[in-house]
Amino acid sequence: MKKINLFLLTTFFATTLLSAQSGYDIGATATDFKLENIDGTFVSLSDFEQAKGFIVVFTCNTCPYAVAYEDRIEALNKMYATKGYPVIAIMPNNIEIKPGDSLDAMKRRAKEKGFTFPYLIDREQTIFPQYGATKTPHVYILEKSNDTNVVRYIGAIDDNYKDANAVEVKYVEEAVNALLAKKPVSVTKTRAIGCSIKI
Amino acid sequence: MKSLKITALFLLILNCAPKQDKLEVYDFQGIEQFLYFNDSKTYVINFWATWCAPCIKELPYFEQIQDEYKDKIEVILISLDFPSHYETKLKPFLKEKQLKSKVIVLDDVDMNSWIPKIDSKWDGAIPVTLIYNKEKRQFYPQSFTYNQLVTEVKKFIN
């Protein structure tokens, strides 16, 4: 009996590890979390009772790509929080490797830039692997469905990191607009260069 | 005699200068030629940037392996630095490190179109490395130690 239990337990952990490594695909149910925000509170997706979904952005202070997108992430929150899709930013890096991403540094950056969205720290580094985030910035759009959050889009914010004015396709906006219109998201996965998450 | 020496020195400086001062910048279409050489060499293509700490850490290993197997392999370092950093970060870095491997620069914002063409498994995090010759190719979405790099390169040159 003990052996069987051990076997089951091993299988369970192996499966958990495996799924943690590969992360979510479109249609997966995204985990909720309870992570510390820059204002000292702890934030969960379940706190947002009125939300229709979320724009979860794994981002940080120190990656030049993430920095290039800071204003656009803030603009997304301004545009969609009131429509039911708030931005939830999560800083996934190991701050021993990247001290510039410490909670204090995050607070300073948020103040400088006037972030209006929660900027959370994945201090134990347990959330980003479940999502399968590998870099910053890395976006997951979730749609609330009953009490779960379903992954509807994974990837980049738009198709031009260099110049917000030269963007041709705004992937995140198009996805959220489709969800708000109760239509299927046409481009569900995109790729972009980013800084690998420091573990 | 002295003037000859000065002239020689001057020529030497002239000769070296363009190598450091001029970057070879390509869009993806321009980069593709470096990804499909069909000769007897094995090509080790590393995607990196000066802002990427794990990339900088492994750069010496690519330099070392280029030196160690110089008759059999060619290392090409493809920088993904931002154009706005070419003068302030990339050029000073190249000048300081005096890299022996070939360095080219990729500037193409439409990443979603070209990243999957390099490898379908690549989601955009760097560093990544592509090793190929005319017979096979393998994509490595990882950092390397020198020993790991040697192990992989040996699979291509033996």
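Look up a bit, the structure's there.
The rules behind these values
Residues numbered from 1 in each chain as written. Chains lettered and ligands numbered in written order. Predicted model: local features only at pLDDT ≥ 70, side-chain atom pairs only at ≥ 80, totals over all residues. Heavy atoms only, no water. Helix = DSSP H or I, 4+ residues; strand = E, 2+ residues; numbered from the N terminus. Buried < 20%, exposed > 50% of the residue type's maximum accessible area, 1.4 Å probe, protein only. Contact = heavy atoms within 4.5 Å. Areas by Shrake-Rupley, 256 points an atom, 1.4 Å probe, with all protein chains shown as cover. Disulfide = S-S within 2.5 Å. Expected span 1.5 Å × (residues − 1). 1 Å grid on protein atoms, 1.4 Å probe; cavity = no way out; pocket = protein on both sides within 12 Å on 5 of 7 lines; lining within 4 Å. Points joined across faces, edges and corners; volume = space filled by probe spheres on them. Nonpolar A, V, L, I, M, F, W, Y, C, P; charged D, E, K, R; others polar. Pairing = 2+ DSSP bridges. Buried area = accessible area lost by both parts, 1.4 Å probe. Salt bridge = Lys/Arg side-chain N within 4 Å of Asp/Glu carboxyl O. Polar contact = N/O pair within 3.5 Å; in protein donor to acceptor, adjacent residues only side chain to side chain. Axes fitted to C-alpha atoms, helices over the stretch in contact; angles between N-to-C directions. Parallel < 35°, antiparallel > 145°, perpendicular 65-115°, else oblique. Left-handed = near helix turned anticlockwise from the far one by under 90°.

Caption draft 1: Summary view of the overall build of chain B. Counting its secondary structure elements, chain B contains six helices and seven strands. The buried share of chain B, reckoned over its 158 residues, is 46%. In chain B, of all internal contacts separated by at least 6 residues, the share reaching a separation of at least 24 is 71%. For chain B, the computed accessible surface area is about 8700 Å², with 53% contributed by carbon and sulfur atoms.

Caption draft 2: Geometry of the state of the cysteines. Applying the stated criterion across every chain, the model contains two disulfides over all chains. Each disulfide pairs two cysteine sulfurs, and for A:Cys63 the partner residue is A:Cys195, the sulfurs being separated by 2.0 Å. What sets the handedness of the A:Cys63 and A:Cys195 disulfide is the S-S torsion sign, and at about 75° it is right-handed. Placement of the pair is A:Cys63 in the loop between strand 4 (53-58) and helix 2 (64-80) and A:Cys195 in strand 10 (residues 194-196), with a sequence separation of 132 residues. An identical accessibility class is assigned to A:Cys63 and A:Cys195; each is buried. Disulfide pairing is shown between B:Cys52 and B:Cys55; the S-S distance is 2.1 Å.

Caption draft 3: Local environment of helix 6 (residues 146-157) of chain B. Residues and elements named next belong to chain B. The end-to-end C-alpha distance of helix 6 is 16 Å, a good match for the 16 Å that twelve residues give at a rise of 1.5 Å each. Those residues of helix 6 lying buried are Tyr-146, Leu-149, Val-150, Glu-152, Val-153, Phe-156 and Ile-157. Turning to helix 6, the residues buried within the fold contact strand 2 (42-48), helix 3 (53-68), strand 3 (73-79), strand 6 (128-132) and strand 7 (137-140).

Caption draft 4: Molecular detail of the layout of surface pockets. By volume, the largest pocket is sized at about 860 Å³. If you go around the largest pocket, you meet 35 residues; those closest to its centre are A:Gly132, A:Ala133, A:Thr134, A:His138 and B:Asp123. Of all elements in the fold, only helix 1 (2-22), helix 4 (127-131), strand 8 (138-145) and strand 9 (148-155) of chain A together with strand 5 (125-126) of chain B reach the threshold of two or more residues within the lining of the largest pocket. Residue composition of the lining of the largest pocket, grouped by class: 18 nonpolar, eleven polar and six charged.

Caption draft 5: Summary view of the sheet that holds strand 1 (residues 25-26) of chain B. Residue and element names in this part refer to chain B. Pairing is mixed across the open sheet formed by six strands, whose spatial order is 1-4-3-2-6-7. Looking at the sheet topology across the chains shown, the edges are occupied by strand 1 and strand 7. Sheet analysis places strand 6 next to strand 7, joined by four bridges and oriented antiparallel. Bridge pairing in strand 7 links Thr-129 to Tyr-140.

Caption draft 6: Up close: the interface of chain B and chain A. Facing the 21 residues of chain B at the interface are 19 residues of chain A. Both faces combined, the contact of chain B with chain A buries some 1800 Å², and carbon together with sulfur accounts for 62% of it. The tally of links between chain B and chain A comes to one salt bridge. Of the charged contacts in the structure, one is a salt bridge between B:Asp107 and A:Lys162, with a shortest N-O distance of 2.8 Å. At the surface where chain B touches chain A, the tally comes to eight residue pairs in polar contact (both at pLDDT 80 or more). When residues of the side of chain B that touches chain A are assigned to their parent elements, the largest contribution, five residues, is made by helix 5 (residues 111-118) of chain B. Taken together, the residues of the side of chain B that touches chain A break down into 13 nonpolar, three polar and five charged. Here two bridges tie strand 10 of chain A to strand 5 of chain B, and the two strands are oriented parallel to one another. Across the sheet, A:Cys195 pairs through a bridge with B:Ile126, a residue of strand 5 of chain B.

Caption draft 7: Quick look at the sheet that holds strand 5 of chain B. Spatial ordering of the open sheet is given by 7(A)-10(A)-5(B), a layout of three strands whose pairing is mixed. Edge positions in the sheet fall to strand 7 (135-136) of chain A together with strand 5 of chain B, since each has one partner strand and no second. Note that strand 7 of chain A and strand 10 of chain A share two bridges and pair antiparallel. Bridge assignment links A:Thr136 to a residue of strand 10 of chain A, and that residue is A:Cys195.

Caption draft 8: Structural view of the pattern of salt bridges. Residue and element names in this part refer to chain B. Summed over the entire model, instances satisfying the criterion amount to 18 salt bridges over all chains. With a closest N to O distance of 2.9 Å, Lys-102 and Glu-24 form a salt bridge. Placement of Lys-102 in strand 4 (residues 102-106) and of Glu-24 in the loop between helix 1 (2-21) and strand 1 is noted, with a sequence separation of 78 residues between them. For Glu-96, the salt bridge identified is with Lys-97, shortest N-O distance 3.9 Å. The exposure class of Glu-96 is exposed, given its relative accessible area of 59%.

Caption draft 9: Quick peek at the packing of helix 2 of chain A against helix 5 (residues 171-180) of chain A. All names here are of chain A. Look at helix 2 against helix 5: their axes get within 12 Å of each other, and the N-to-C directions meet at 15°. On the basis of the axis angle, helix 2 is roughly parallel to helix 5. Seen from above, helix 2 lies across helix 5 with right-handed handedness. For the pair helix 2 and helix 5, the contacting residues are Leu-76, Met-79 and Tyr-80 in the first and Val-172, Glu-173, Val-176, Asn-177 and Leu-180 in the second. Classifying every residue of the contact of helix 2 with helix 5 by side-chain character gives six nonpolar, one polar and one charged.

By themselves these figures say nothing about function.
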